Structure formats: C-alpha cells, structure tokens
Amino acid sequence: VDIDPVSVQVAQANLRLNRVAGRVYAACGNGYDTPLVRGSYDLIFANILARPLMRMAVDLRRHLQPGGVAILSGLLERQERAVLMAHRQHGLVLVHRIRIRGWSCLLLRG
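To start, this report covers the structure provided alongside it. All values derive from a computational prediction rather than experimental measurement.

### With respect to the overall build of the protein chain
Okay, step 1: The secondary structure content of the protein chain amounts to four helices and four strands.
Okay, step 2: Going residue by residue from the N terminus, the α and β elements of the protein chain occur as α-β-α-α-β-α-β-β.
Okay, step 3: Relative to the compact-globule value of 13 Å for 110 residues, the protein chain shows a C-alpha radius of gyration of 14 Å, a close match.
Okay, step 4: Going through the 110 residues of the protein chain one by one, you find that 32% of them count as buried.
Okay, step 5: Long-range pairs, those at least 24 residues apart, make up 59% of the contacts in the protein chain between residues at least 6 apart in sequence.
Okay, step 6: The averaged location of the 7 negative side-chain charges in the protein chain is 5 Å from the averaged location of its 15 positive side-chain charges.

Pasting the structure below:
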C-alpha cells in the first residue's frame, strides 16, 4: 500500500514481471486504513518514516499472523531503538537487523 499512485503502478508492473501478480497485491491508500488491507498476513513490509512506523505498531500487530514476519525499513540507526520499543510493546520481537550507511532495517516476528 502506498499513498503515491505512480508507486503503486510501478509495483503492479513489477509484480507482473516477476510473475507474482495474484499472490502479491499493490494498492493506493493510507496504510492499514486501505480497504484492501483486511485480515492478517504472514509477511508485512513497511518502508516509511520512523514516527509513522511507531504510530502504526498496534495496527501492524493486529494484521500480522502469529509467527509472521514484519520488515521495517526507512529509518535511521538513531531511530531504531524507539521504533523497536514501540513494536515490542505489542509483542513483536527482533529477529535480525541490517545497518547500511546510517540506515536501519528491522526484521521482527509476531
């Protein structure tokens, strides 16, 4: 889900190129408030700013299947601790982190 319709169009084209259209969906909307986002998922990617990630932690947990994986990126290393704390409050645990040139990516399990 992305708020930018052009990003969604590019993602849909890439889904077709990678032959996963129908198994992976891309939609224009505002995070978990998007009608397409119903039920729970075994994998959630969130590549947005740290503060929105923190605000959406409860919604991420609600939509992540038990044992599911969430990949959070788009945050600076110095923001990592706050983002992680917000998600730990909802039962997510850190499995792995990747740091590249000041940027951080967190892999969490529900």
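### With respect to the side chain of Ser73
Okay, step 1: Relative to the assigned elements, Ser73 resides in strand β2 (residues 64-76).
Okay, step 2: On the basis of relative accessibility, which here comes to 18%, the residue Ser73 falls in the buried class.
Okay, step 3: Not counting residues up to four positions away in its chain, the partners in contact with Ser73 are Ala46, Asn47, Ile48, Leu53, Ser104 and Cys105.

### Concerning the sheet that holds strand β3 (residues 93-100)
Okay, step 1: The strand order β1-β2-β4-β3 describes an open sheet built from four strands, whose pairing is mixed. Looking at which strands have only one partner, the edges of the open sheet turn out to be β1 (41-47) and β3. Along the sheet, successive strands turn relative to each other by an average axial angle of 10°, direction set aside.
Okay, step 2: In this structure, β3 lies alongside strand β4 (residues 103-109), joined through seven bridges in antiparallel fashion. Each bridged residue has a counterpart across the sheet, and for Leu94 the counterpart in β4 is Leu108.

### Comments concerning the nonpolar core
Okay, step 1: Counting 16 residues, the largest nonpolar core has Leu60, Leu72, Val83, Leu106 and Leu108 as its most contacted members.
Okay, step 2: When residues of this core are traced back to their parent elements, those giving at least two are β1, α2 (50-55), β2, α4 (80-88) and β4.
Okay, step 3: Broken down by element, this core gets its largest block of residues, four residues, from β2.
Okay, step 4: Not counting residues within four places of it along the chain, the set of residues in contact with Leu108 comprises Gly68, Val69, Ala70, Leu72, Leu84, His87, Leu92, Val93, Leu94 and Val95.

Here is what the cut-offs are and how they apply
Residues numbered from 1 in each chain as written. Predicted model: local features only at pLDDT ≥ 70, side-chain atom pairs only at ≥ 80, totals over all residues. Heavy atoms only, no water. Helix = DSSP H or I, 4+ residues; strand = E, 2+ residues; numbered from the N terminus. Rg over C-alpha atoms; globule rule 2.2 N^0.38 Å. Buried < 20%, exposed > 50% of the residue type's maximum accessible area, 1.4 Å probe, protein only. Contact = heavy atoms within 4.5 Å. Lys, Arg positive; Asp, Glu negative; His and termini not counted. Charge placed at Lys NZ, Arg CZ, Asp CG, Glu CD. Pairing = 2+ DSSP bridges. Axes fitted to C-alpha atoms, helices over the stretch in contact; angles between N-to-C directions. Core = buried A, V, L, I, M, F, W, Y, C linked by side-chain atoms within 4.5 Å.

Everything listed here is a matter of geometry and, on its own, says nothing about what the molecule does.
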